[in-house]
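Structural overview for review
For reference, the chains in residue letters:
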Amino acid sequence: MFRENLKELRKQKGMSQETLAQQLHVVRQTVSKWEKGLSVPDADMLIRIAELFEVSVSDLLGEKIEHEPEMSQVAAQLALLNEQLANRTRRHRRIFRGVLIGLAAVVVLTLALSFAGMAAMNPTAPESLTTVDIVCTLDGEEYVYSITYDQNYQVTEAGGDAWLYDHIGMDAYSDANRQIALIEDYFDLRGGSVTVTEQEAATSAETE
């Protein structure tokens, strides 16, 4: 094979890659690539190398034939070597691409499992609701009203004696604190009393 023959002939002559490169008027890296099989010289350079080492081009390329090949034969040998080099490069690229795709799949799967685990560890808390019972007395009469509201004190449900709606009109407000304040102010101003009792907090799921 060319790269092995070149290296062996160079060593037999006691030449370094740098020395051979100087005689061929190329850089040392070019000789190194030839010997590593990363590239091949053109037809003219093959002839110069063969003349330098006093061998035939066919021997340099590894073919044992009696007559030195014509230039077309040398070109065919070069084309074959280049094709082999291109096939090896394509094969390496396919392997590299497959490795990248595999790594990407592992990363995506790992992230998905991580997010799923976090979601399982931190489930969304159900919305909590608070209910207060309001007992009002005025002139010996008792009136009852109930308000249920969420964390933002927005009324979700309310109901009670119709008398309260007729005299206070607190249903015009959606804020629970505002409704309670209206009831307390109304009865305080008229000498009545108001008792507000808060029930245990419940979740929205429990109230459905």
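Just so we're clear, the structure is a prediction, and the values are computed from it rather than from any experiment.

Turning to unusual backbone geometry, a few remarks are in order. With a phi close to 60°, H25 is a non-glycine residue in the positive phi region. Relative to the assigned elements, H25 resides in the loop between α2 (17-24) and α3 (28-36). Backbone geometry places D139, a non-glycine residue, at a positive phi of 55°. With respect to the element layout, D139 can be found in the loop between β1 (128-138) and β2 (141-149).

Membership of the largest hydrophobic core comes to 20 residues, with the highest contact counts inside it found for F2, L6, L20, W34, I49, F53 and L60. Broken down by secondary-structure element, the contributors of at least two residues to this core are α1 (2-12), α2, α3, α4 (43-53), α5 (57-61) and α6 (71-121). Take this core: its biggest share by element is 6 residues, from α4. Here L60 is in contact with M1, F2, N5, L9, L46, I49, A50 and V55, once residues within four sequence places are set aside. By size, the runner-up hydrophobic cluster in this structure holds 17 residues, among which are V132, Y149, M170 and Y186.

In this structure the tally under the stated criterion is 1 salt bridge. Its salt-bridge partner being R10, residue E35 comes within 2.6 Å of it at the nearest N-O pair. Taken together, the residues E35 in helix α3 and R10 in helix α1 connect sequence positions 25 residues apart. Accessibility assignment for this pair places E35 and R10 in one class, buried.

Rules behind the numbers
- Residues numbered from 1 in each chain as written.
- Predicted model: local features only at pLDDT ≥ 70, side-chain atom pairs only at ≥ 80, totals over all residues.
- Heavy atoms only, no water.
- Helix = DSSP H or I, 4+ residues; strand = E, 2+ residues; numbered from the N terminus.
- Core = buried A, V, L, I, M, F, W, Y, C linked by side-chain atoms within 4.5 Å.
- Buried < 20%, exposed > 50% of the residue type's maximum accessible area, 1.4 Å probe, protein only.
- Contact = heavy atoms within 4.5 Å.
- Salt bridge = Lys/Arg side-chain N within 4 Å of Asp/Glu carboxyl O.

Any functional reading would require information beyond the geometric quantities listed.
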